[in-house]
Amino acid sequence: MIGKLKGTVDEIGEDHVILDVHGVGYVAYCSMRTLSSLPGAGEAATLLIETYVREDLIRLYGFGTVLEREWFRLLQNVQGIGAKVALSVLGTLSPSDLANAIALRDIAMVSRAPGVGKRVAERIVTELKNKAPAFAGEALGTIGLKQELGEGVAAAPVTDAVSALTNLGYSRDQAANAVAAALKEAGEGADSAKLIRLGLKELAR
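Residues numbered from 1 in each chain as written. Predicted model: local features only at pLDDT ≥ 70, side-chain atom pairs only at ≥ 80, totals over all residues. Heavy atoms only, no water.

(A) Spotlight on the nonpolar core. Judged by nonpolar contacts, the single largest core of 32 residues is most densely connected at W71, F72, L75, L98, V116 and I124. Sorting the residues of this core by element identifies β5 (57-63), α2 (66-75), α3 (83-92), α4 (95-103) and α6 (118-128) as the ones contributing at least two each. Ranked by the residues each element gives to this core, the list is headed by α3, at six residues. (Core = buried A, V, L, I, M, F, W, Y, C linked by side-chain atoms within 4.5 Å. Buried < 20%, exposed > 50% of the residue type's maximum accessible area, 1.4 Å probe, protein only. Helix = DSSP H or I, 4+ residues; strand = E, 2+ residues; numbered from the N terminus.)

Here is the structure:
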């Protein structure tokens, strides 16, 4: 079983990279995000690998980070999602963006990935909502508040502040991040007006 490859980039295709490891070219299928992060041909690169072995096929999937590989595994636990769709999702959304979208129940954001319709996006959000916090990465600090917003149980001042910022043209994720920062500064008892003011200050940075 191959868990990691370290070698030289030989060729980058539309959905894969050929990595030369001591004269042997390994084909690793990757998300567009991972492929775009790789150096050019002849440059050194390291990929974490997920190996799939079937009766008629051995296929390697490559990832730039442990978190991306974990999401690849996690997504395939959702009914109807295989490796190809999982890579499509990870090519469209970073692990932290995906965790945010699931926490906020942002089906439209998840369905932006090619091959992911509304029904599949709904399944991803529903089936992974309890697992997303453990794989939030950079979004870890705000994931709890976003889950409360997504489930409709956030405090009224928080909900009102996020709604107000969204009405000003910010995305729900941007608004939630700003209000989370405002809440940290103002304290749990802050009213919506204060959260909006501090949130706008945060967004202006």
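(B) Up close: the packing of aromatic side chains. With the rule as written, the count across this model stands at five aromatic pairs. Residues Y52 and F72 carry aromatic rings whose centres are separated by 6.0 Å and whose planes lie at 40° to one another, so their mutual orientation is tilted. With Y52 in strand β4 (residues 44-54) and F72 in helix α2, the pair connects residues that are 20 residues apart, well separated along the chain. For the pair Y52 and F72, a shared accessibility class is recorded, and that class is buried. Taking 5.1 Å as the distance between ring centres and 40° as the angle between the ring planes, the aromatic pair formed by Y61 and F72 counts as tilted. Remark: F72 occurs in helix α2 and Y61 occurs in strand β5; sequence separation between them is eleven residues. F72 shares its class with Y61; the two are buried. In this structure an aromatic cluster arises from ring pairing among Y29, Y52, Y61, F63 and F72. Note that R59 overlies the ring of Y29, its terminal NZ or CZ placed 4.1 Å from the centroid. (Phe/Tyr/Trp six-rings, centres within 6.5 Å; stacked < 30°, edge-to-face > 60°. Lys NZ or Arg CZ within 6 Å of the ring centre and 35° of its normal.)

(C) Seen up close, the packing of helix α9 (residues 172-186) against helix α10 (residues 192-203). Two elements in contact, α9 and α10, have axes whose closest approach is 8 Å; the angle formed by their N-to-C orientations is 115°. One element, α9, and the other, α10, form an angle in the roughly perpendicular class. Here α9 and α10 pass one another in a crossing that is right-handed. Of the residues in α10, those touching α9 at Q174, A178, V179, A181, A182, L183, E185 and A186 are K194, L195, L198, G199, E202 and L203. (Axes fitted to C-alpha atoms, helices over the stretch in contact; angles between N-to-C directions. Parallel < 35°, antiparallel > 145°, perpendicular 65-115°, else oblique. Left-handed = near helix turned anticlockwise from the far one by under 90°. Contact = heavy atoms within 4.5 Å.)

Keep in mind that these numbers describe shape and distance, not what the molecule does.
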